[in-house]
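Chain and residue survey
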Amino acid sequence: QVQLVESGGGLVRPGESLRLSCTASGTRIFPQYNMGWYRQAPGKQRELVATFTRDRITDYSDSVKGRFTISRDNAKNMVYLQMNSLKPEDTAKYYCNGVSIMRLSYWGQGTQVTVSS
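Keep in mind that what you see is a predicted model, and the values were worked out from it rather than measured. (Residues numbered from 1 in each chain as written. Predicted model: local features only at pLDDT ≥ 70, side-chain atom pairs only at ≥ 80, totals over all residues. Heavy atoms only, no water.)

1. Notes on the sheet that holds strand β8 (residues 78-83)
Strand pairing in a sheet is mediated by backbone hydrogen bonds. Such pairs are either parallel or antiparallel. This is how it is decided: Only when DSSP finds a minimum of two bridges between them are two strands counted as paired. A run of DSSP states H or I qualifies as a helix once it reaches four residues; a run of E qualifies as a strand once it reaches two. Both are numbered from the N-terminal end. The angle between two axes is taken between their N-to-C directions and runs from 0 to 180 degrees, where each axis is a line fitted to C-alpha atoms and a helix contributes only its stretch in contact.
What the 4 strands build is an open sheet, ordered β1-β3-β8-β7; its pairing is antiparallel. Both edges of this open sheet fall to β1 (3-7) and β7 (68-73), since each of them pairs with a single strand only. Strand-to-strand twist of the sheet, defined as the mean angle between neighbouring strand axes without regard to direction, takes the value 15 degrees. Across 5 bridges, the pairing between β1 and strand β3 (residues 18-25) is antiparallel.

Right, dumping it as structure tokens:
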């Protein structure tokens, strides 16, 4: 069973940075997964933040483009989200998602990011 575990969330002030990590276990074919970060703020739908495909293509939502960077280390089964210049509107629970080549989707439990002065 594939498990995804996020870490790195916390409380920061506007303009500061955070780095989220996602560790995948239970699979030996992690490089074949399309990985992504999503977020969900209270009262809002979960939204896509960034993706890093098995073909090493990255994409970002317009709201984070230029501020966030997604990366992955296939040797360590890990995905990262570097978040710079954080804004209060980035406050949300951030989730790691992995989609296998068979289109099976897995989610982590999420990590809370709060941006407040």
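The rest of the description comes next.
2. Points about the pattern of salt bridges
Just so we agree on the cut-off: The working definition used for a salt bridge is a side-chain nitrogen of Lys or Arg within 4 Å of a carboxyl oxygen of Asp or Glu. Categorising residues by exposure relies on relative accessible area from a 1.4 Å probe, with only protein chains included: less than 20% of the type maximum marks a residue as buried, more than 50% marks it as exposed, and the intermediate range marks it as partly exposed.
A complete count under the given rule lists 4 salt bridges for this structure. Between Lys 65 and Asp 62 there is a salt bridge, and its shortest N-O distance comes to 3.3 Å. You can call Asp 62 exposed: its relative accessible area is 67%. Linking Asp 90 and Arg 67 is a salt bridge whose minimum nitrogen-to-oxygen distance equals 2.8 Å. With Asp 90 in the loop between β8 and β9 (92-99) and Arg 67 in the loop between β6 (58-60) and β7, this residue pair connects regions lying 23 residues apart in the sequence. Among the residues examined, Asp 90 registers a relative accessible area of 1% and is labelled buried. A cluster of three or more residues bridged by salt bridges with shared partners is formed by Arg 39, Glu 47, Arg 67 and Asp 90.

3. Notes on the pairing of strand β5 (residues 47-52)
Note: strand β4 (residues 34-40) against β5, 5 bridges, orientation antiparallel. Residue Trp 37 lies in a different strand from β5, and its bridge partner there is Ala 50. Taking the residues between adjacent antiparallel strands as the criterion, β4 and β5 are bridged by 6 residues, where Gly 43 takes a positive phi near 80 degrees. Both β5 and β6 contribute to a ladder of 3 bridges, which runs antiparallel. Bridge assignment links Ala 50 to a residue of β6, and that residue is Tyr 60.

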